[in-house]
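Structure assessment
Residues per chain are reported as follows:
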Amino acid sequence: MATKKVNKATFKFGGETINLSKSKTQVAVRYTPGMKRAKKRKNAADQEHIRDFEVVKSTRGIDQKLDALRAKPEVSVGTHIWIVDGEDDSPFIPTGYLYIEFKPGTIQEKQQAVLDELHLNIRQIVSPEAYRVSTTPDSPNPVKCAMLLQKNRIVKIAEPEFMAKPVTGDFSPPTGRFIGSQWHHENSGGQIPIIDIPNAVFGTQHFKKGADAKVRAAWEELQGLGSRNIKIAVIDTGFDTDHPALRGDGTKVRNTFNAPNRSADVSPWFQASDGSWGVFSHGTSCAAVAAGAWDAQGVLGAAPNARIIPIKLDILSDDAIQKAFEHALLNGADIISCSLGFPKPVPLSTFISNYISKVVREGRNGKGLPIFIAAGNANPASNNLPRQVSDFAAHPDVMCITASNSLDESSSYTFFGANAFLCAPTNGNDGVGVTTATVSANGDSLIHAYTSRFGGTSSATPLAAGVCALMLSANPDLTLSQIKDILRRSTDKIGSGYDANGRSPKLGYGRLNALRAVQMAAGNSGTGTGSAGNAGSGNSGTGGSSGTGTGGGQAATQRGKVTSKFLNVRTGPGTSNPKVAELHQGDMVNLFEKVGGFWRIGNGQFVSADFIQVIASNGAPAPVTRKGKVTSTFLNVRTGPATSNAKVGELKKGAAVSIFETSSNGWHRIGDKRWVIGTNIQEV
């Protein structure tokens, strides 16, 4: 076995190429359970613990330090720490585990030979050709194992598992930007009292009337505070379940779970590197923004009657992440809210990315489980370059939530990207924070309190999740595609920078509007007038089954069928154009020409192509009318329009494809029983 040391590593991870280097100042050790440490080091205050690893720091001779630690009888594992882009402040610790997929058709004997060569043990069989394995004392280090495996012709994927502390997305604005009332529910434009500073207010210059999520109006529409049957799983670093906002009448909190420890203890306590104890307030605040109970002070969440499933995830590893999302799935969560992310912009592992897709697909008894993820904060990043969303927020099946403020502006700190779904009111710029529950420590006791200092995309995300709970209160039968469609269409277009499809990289499809979303969920669009029957300029219109509307003298080239529950008809090819009518699922329309991402279905009438299935005049799939190009490093080809279908091939970046049809969930058919996800295809 080669012994040449690898100090820098470039390899595929989560479908992308990442570059890591060994830390020159940090290593990590894991102690054998039950064995006493020989001696406590004098610089114990500088020690950091990440679950069962101890981070050891040294300004010089780090390799010799690691060799000495490995020689100690009480040390079971000693490993180098890997860092991203030379930034030593966020360690990634190899756990000793890897995820391996062999190419389809590889026989078992060849698979085992590869594992035996590197002395790897199977710890979980994911499928006949996919495994989670662990290294042994005779194996190369996990990163080197992955690099060696990726060079093997029969290996499809090989990724090491890393352990890291999550960042919560907390944002600390300049002093003076704190607000005390829940303007994000209803913003009157007037001054508002600060809840945690007696006799203090925030002035009118920090508010714009109407710059809110319209939550109070949604309560009035529902004539209530939401359904007690809706459960929101909140994944975060810990929760004060005795806080009045989370306790409510004693039935609000359900099925608590600590994912790393696999226990029911979700308390916010943590032990600092100097041995002292503190509490994480982040999870308590997030849960209260989503579904905080109505208290005597009038502080409450967006869906006060909804139940909460608190899931503690204070360590990020594939095991813990899988268990967190699995717990939400198995315990009947209707919604997941997660305001966590990795400390540096890395992709999710393939194993976790696939597992989140499974949760989305199978949740709510097959209706689809909506997952809201915080985009992240702190733009520009530490290297002074703009930071796009990564890890959880970049997953194609989740809804990435960015930040707007109390003046209806995009918050400058928010991460951004092509997959930004919508923005929700929180703090930022000259706006102010939101009021919610918080917790602090007084000795060994918890102090239940409230703050007007919460914000960031961490606050925006549970607000969107709470609004989704109100939508499901109005209509519990909504599918995930319908939820996404309603949220996308119900937003308010604040700011600028929207493309032809109505999406902005920082604002998504616009600012969350709970009232309109609840109205649409209940079957009332809440926008515009008219119906599908009068959309066309002819007597019959373009809506309904007749589909006889005119095309301005041009003959229709094809026919199409509406795949979403509702589909707006607009005067031009973009969501910024006025709505003139509404179509319904199953309606047939004439298709005259495609303009950007919209079909023209009549004279001055356009609909989003995302929700039209193209059908030829004889009912057969239409002939090829579109071409596309693969934009991801590689793209799986499957037998049907979902990741649950069998994989039959793979395309590389830049590959050209013909698009025969597009499914209602955004997959393109590129051949007979050959489908690819549309988010990784750019039409050309």
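Since the model is a prediction, treat every value here as computed from it, not as a measurement. (Residues numbered from 1 in each chain as written. Predicted model: local features only at pLDDT ≥ 70, side-chain atom pairs only at ≥ 80, totals over all residues. Heavy atoms only, no water.)

Before going further, it helps to spend a moment on helix α3 (residues 142-150). Along α3, the positions that sit buried rather than exposed are P142, V143, K144, C145, A146 and L149. Check the buried side of α3 and you find it contacts β1 (8-13), β5 (75-84), β6 (93-102), α2 (108-117) and β9 (155-163). Where α3 begins, one side-chain oxygen reaches toward the backbone nitrogen of V143, 3.0 Å away; that side chain belongs to N141. (Buried < 20%, exposed > 50% of the residue type's maximum accessible area, 1.4 Å probe, protein only. Helix = DSSP H or I, 4+ residues; strand = E, 2+ residues; numbered from the N terminus. Contact = heavy atoms within 4.5 Å. Polar contact = N/O pair within 3.5 Å; in protein donor to acceptor, adjacent residues only side chain to side chain.)

For the chain, the average pLDDT comes to 85, and 88% of its residues sit at 70 or higher. When the criterion is pLDDT under 50, residues 524-554 qualifies, and its contacts beyond four places in sequence or with other chains add up to 73 contacts. (pLDDT = per-residue confidence, 0-100.)

In this structure the tally under the stated criterion is 10 aromatic pairs. Look at F92 and F162: their rings are 6.2 Å apart centre to centre, the planes differ by 85°, and that puts the pair in the edge-to-face class. Of this pair, F92 sits in the loop between β5 and β6 while F162 sits in strand β9, and the two are 70 residues apart along the sequence. We classify F92 as buried; its relative accessible area is 3%. On the basis of an interplanar angle of 85° and a centroid distance of 5.8 Å, the ring pair of F421 and Y509 is categorised as edge-to-face. Of the two residues, F421 is situated in strand β20 (residues 420-425) and Y509 in the loop between α10 (480-490) and α11 (514-521); the sequence distance between them amounts to 88 residues. Judged on exposure class, the residue F421 and its partner Y509 are both buried. Put simply, the rings of F11, F13, F92, F162, F325, F342 and F392 touch in pairs and so form one group of aromatic residues. Sitting over the face of the ring of F351, R132 holds its NZ or CZ atom 4.7 Å from the ring centroid. Directly above the aromatic system of F634 lies the positively charged group of K156, at a separation of 4.6 Å from the ring centroid. (Phe/Tyr/Trp six-rings, centres within 6.5 Å; stacked < 30°, edge-to-face > 60°. Lys NZ or Arg CZ within 6 Å of the ring centre and 35° of its normal.)

Our focus in this paragraph is the nonpolar core. F325 and L487 are the most contacted members of the largest nonpolar core, which has 117 residues in total. Sort the elements by how many residues they give to this core and helix α9 (residues 456-474) lands first, with 10 residues. Filtering out sequence-adjacent residues up to four positions away, F325 remains in contact with I235, I336, Y355, I356, V359, I371 and F392. (Core = buried A, V, L, I, M, F, W, Y, C linked by side-chain atoms within 4.5 Å.)

Now for the sheet that holds strand β8 (residues 130-134). Pairing is antiparallel across the open sheet formed by 4 strands, whose spatial order is β7-β8-β6-β9. Looking at which strands have only one partner, the edges of the open sheet turn out to be β7 (121-127) and β9. Strand-to-strand twist of the sheet, defined as the mean angle between neighbouring strand axes without regard to direction, takes the value 20°. Pairing analysis gives 5 bridges linking β6 to β8, with the strands arranged antiparallel. The residue of β8 that forms the bridge with Y97 is S134. (Pairing = 2+ DSSP bridges. Axes fitted to C-alpha atoms, helices over the stretch in contact; angles between N-to-C directions.)

Our next topic: the pattern of salt bridges. The final tally for this structure, using the stated rule, is 17 salt bridges. The partner of E326 in a salt bridge is K323, and the shortest N-O contact between them spans 3.4 Å. With E326 and K323 both in helix α7 (residues 318-330), this residue pair falls 3 residues apart, about one helical turn. Taken together, the shared-partner salt bridges connect R123, R132, E161 and D319 into one network. (Salt bridge = Lys/Arg side-chain N within 4 Å of Asp/Glu carboxyl O.)

The next subject is the pairing of strand β29 (residues 605-608). Looking along a regular strand, one sees the side chains alternate between the two faces of the sheet. On β29, burial covers both faces: Q605 and V607 on one face and F606 and S608 on the other are all buried. The antiparallel hairpin formed by strand β28 (residues 598-602) and β29 contains 2 residues in its connecting segment, where G604 sits at a positive phi of about 70°.

What follows deals with the side chain of Q182. Turning to its location among the elements, Q182 is positioned in the loop between β9 and β10 (192-193). Of the polar contacts made by the side chain of Q182, one reaches the backbone oxygen of L300; its length is 2.8 Å. In terms of polar contacts, Q182 uses its side chain to reach the backbone carbonyl oxygen of T435, at 3.1 Å. Q182 has contacts with G298, V299, L300 and T435, leaving out every residue within four places of it along the chain.

Taken N-terminus to C-terminus, the directions of helix α4 (residues 215-222) and α11 make an angle of 30°; their axes are 7 Å apart at the nearest point. Here α4 is positioned roughly parallel relative to α11, judged by the angle of their axes. Of the residues in α11, those in contact with V215, A217, A218, E221 and L222 of α4 are A514, L515, V518 and Q519. Looking at the contact of α4 with α11 residue by residue, the classes come out as 7 nonpolar, 1 polar and 1 charged. (Parallel < 35°, antiparallel > 145°, perpendicular 65-115°, else oblique. Nonpolar A, V, L, I, M, F, W, Y, C, P; charged D, E, K, R; others polar.)

A word on unusual backbone geometry. With omega at -5°, the peptide bond leading from N379 into P380 counts as cis. Mapped onto the secondary structure, P380 falls in the loop between β18 (371-374) and β19 (399-404). Residues other than glycine seldom take positive phi values, yet H119 does so here, at roughly 60°. Within the fold, H119 resides in the loop between α2 and β7. Phi is positive for R262, close to 55°, though the residue is something other than glycine.

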